[in-house]
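# Per-entry structural report
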Amino acid sequence: GHTVTAAVMNTSKHRVNLSDIPETVKNLATWHLINIQNHITPLGALGNLFRRDSYILSRFKQPLFEDLLKQLLQKTEFDLIIFESLQSAVYINKIKPLTKAKCLLRSHNIEHHIWQEQEKLEPNFLKRWYLRVQTKRLKKEELKLTQQMDGILAISKADAESYKSLGIHIPILYYPVGFELMMPSNIPKPHTAKVFHLGSMDWMPNQVAVTFFLDEVWPLVVRERNLIFEVAGRNMPAHFSNLKQEGVSIKGEVEDAAQYIQENGIMVISLKSGSGMRVKVMEGMALGKCIISTSKGMEGIAAVPNKHFILANTPTEFKDAILHFTENLKEADNIGLEARKFATEEFNNKNIVANLTNFVAQLNKD
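Residues numbered from 1 in each chain as written. Predicted model: local features only at pLDDT ≥ 70, side-chain atom pairs only at ≥ 80, totals over all residues. Heavy atoms only, no water.

### Things to note about unusual backbone geometry
Filter applied, for reference: For the purposes of this entry, the term helix denotes a DSSP run of H or I that reaches at least four residues, the term strand denotes a run of E that reaches at least two, and both are numbered from the N terminus.
One non-glycine residue with positive phi stands out, namely Ser85, at about 85°. As for its position among the elements, Ser85 is in the loop between strand E3 (80-84) and helix H5 (92-95). In this structure, Asn235 is a non-glycine residue whose phi angle is positive, near 55°. Relative to the helices and strands, Asn235 is located in the loop between strand E8 (229-232) and helix H10 (238-241).

Put into structure tokens, the structure is as follows:
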């Protein structure tokens, strides 16, 4: 029942054509895509050291996109403006004086937490120093931008609590990603004796996670059983694409993520860092997958270990779980069904959107 206008920074990293957007999605909004060039360059990264802003965020400050936002605000009186992720929140100062609408930050994660963890994991001294400088700047800007919002839509309960601990006292709603769970195409299918990872491979925590799994876990598995581990995801780095390792298949980008998840076996999440909520984890649960995950991989999701998913933090724990559930597929199916029951309550789109509508109504009363 809502009328939606979508203003999109069509970045150089994730460039799409409007014609590529599925009709079912395209029909939900009026779309405005502005192509921007915001890729990281050595010269840009070096030059930023002589300024005080965050290079992580400054790349998203684009005059063409700012002009689009101003034009839209001149033509339409909006009731609500949602800034999708911190990268779009850099325009809050430009927008707030031009509208009476409530402004909400749709927080995918607490951005500086991710970079703090990457800094700790970086072995190169100079890169670690640079990350420390950028993380400090990012945290300062993140807190400043967030404080200017009328509210936060936090993707996980853990992030909602973290905002409070950071001294952010504006209204916060736990607002996870939702799914249409009752569609016939989403009915779970039996597991196969295969192991897979699915996630955006241009996200550094995913790269670290897959590297850990390939180096420390999978060699233990293939010593005992002839299994295949498949790595899927968009923007696959060359060192993964060119990998030649026993029992490993690099799939790359898949056309339909939901179909890919359904048709595969055990899903592994070996994350060691990151913030927010793993959308592919939630999608896997909604599709009835048996997921073997680290504590970090399930962070922010109130699922019960060894009921809704299988917990594994060490290489041996991963190996034992993989060998057990690929041998006992019926048990894997049962874990997947419990995961789906949990997802039906937690990630139901209808309930989530109703919560948002009530949240905004309360903001307007206050």
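### A short note on the side chain of Glu111
This is how it is decided: The buried label applies to any residue whose accessible area, calculated with a 1.4 Å probe on protein chains only, is under 20% of its type's maximum; exposed applies above 50%, and partly exposed to all values in between. Under the convention used here, Asp and Glu are negative, Lys and Arg are positive, and both His and the chain ends fall outside the count. Here, a salt bridge means any side-chain nitrogen of Lys or Arg that lies within 4 Å of a carboxyl oxygen of Asp or Glu. Any two residues having at least one pair of non-hydrogen atoms within 4.5 Å are treated as being in contact.
Residue position: Glu111 is located in helix H6 (residues 111-121). Buried and unpaired, Glu111 has Arg59 as its nearest opposite-charge partner, separated by 7.9 Å. Leave out the neighbours within four places in its chain, and Glu111 touches Leu86, Gln87, Leu138 and Glu142.

### Section: the pairing of E8
The following threshold applies: A pair of strands is considered paired only if DSSP assigns at least 2 bridges between the two. Every crossover in which the path from the first strand over the helix to the second runs clockwise, viewed with the strands pointing away from the viewer, is termed right-handed.
The two faces of E8 match: Phe229 and Val231 on one face and Glu230 and Ala232 on the other face are all buried. Bridge count for strand E7 (residues 195-198) against E8 is 4 bridges, and the pairing is parallel. Considered in E8, the bridge of His197 is made with Val231. What joins E7 to E8 is helix H9 (residues 204-222), and the crossover it makes is right-handed. As paired elements, E8 and strand E9 (residues 248-252) share 4 bridges and run parallel to each other.

### Looking at the pattern of salt bridges
Taken as a whole and assessed by the stated rule, the structure comprises 15 salt bridges. In this structure, the salt-bridge partner of Asp53 is Arg51, at a minimum N-O distance of 3.3 Å. We classify Arg51 as partly exposed; its relative accessible area is 40%. Note that Lys194 and Glu230 form a salt bridge whose closest N and O atoms lie 3.5 Å from each other. Placement of the pair is Lys194 in the loop between strand E6 (172-174) and E7 and Glu230 in strand E8, with a sequence separation of 36 residues. A residue is classified by how much of its surface remains accessible, and Lys194, at 24% relative accessible area, is partly exposed. For Glu230, a relative accessible area of 9% puts it in the buried group.

### Some words on the sheet that holds strand E5 (residues 151-154)
Hydrogen bonds between backbone atoms are what pair the strands of a sheet, whose relative direction is either parallel or antiparallel. What counts, and what does not: Under this scheme, a helix contributes an axis fitted over its contacting stretch, all axes are lines through C-alpha atoms, and angles between N-to-C directions fall in the 0 to 180 degree range.
On the basis of which strands lie adjacent, the open sheet formed by 4 strands has the order E3-E4-E5-E6 and parallel pairing. Pairing within the sheet leaves two strands with one partner each, and these edge strands are E3 and E6. Ignoring which end each strand starts from, the neighbouring axes of this sheet average 25° apart. Across 3 bridges, E5 lies against E6 in parallel orientation. Across the sheet, residue Ala154 finds its bridge partner in E6, namely Tyr174. Set on the sheet, helix H8 (residues 157-165) makes contact with strand E4 (102-107), E5 and E6; between it and E6 the angle comes to about 165°.

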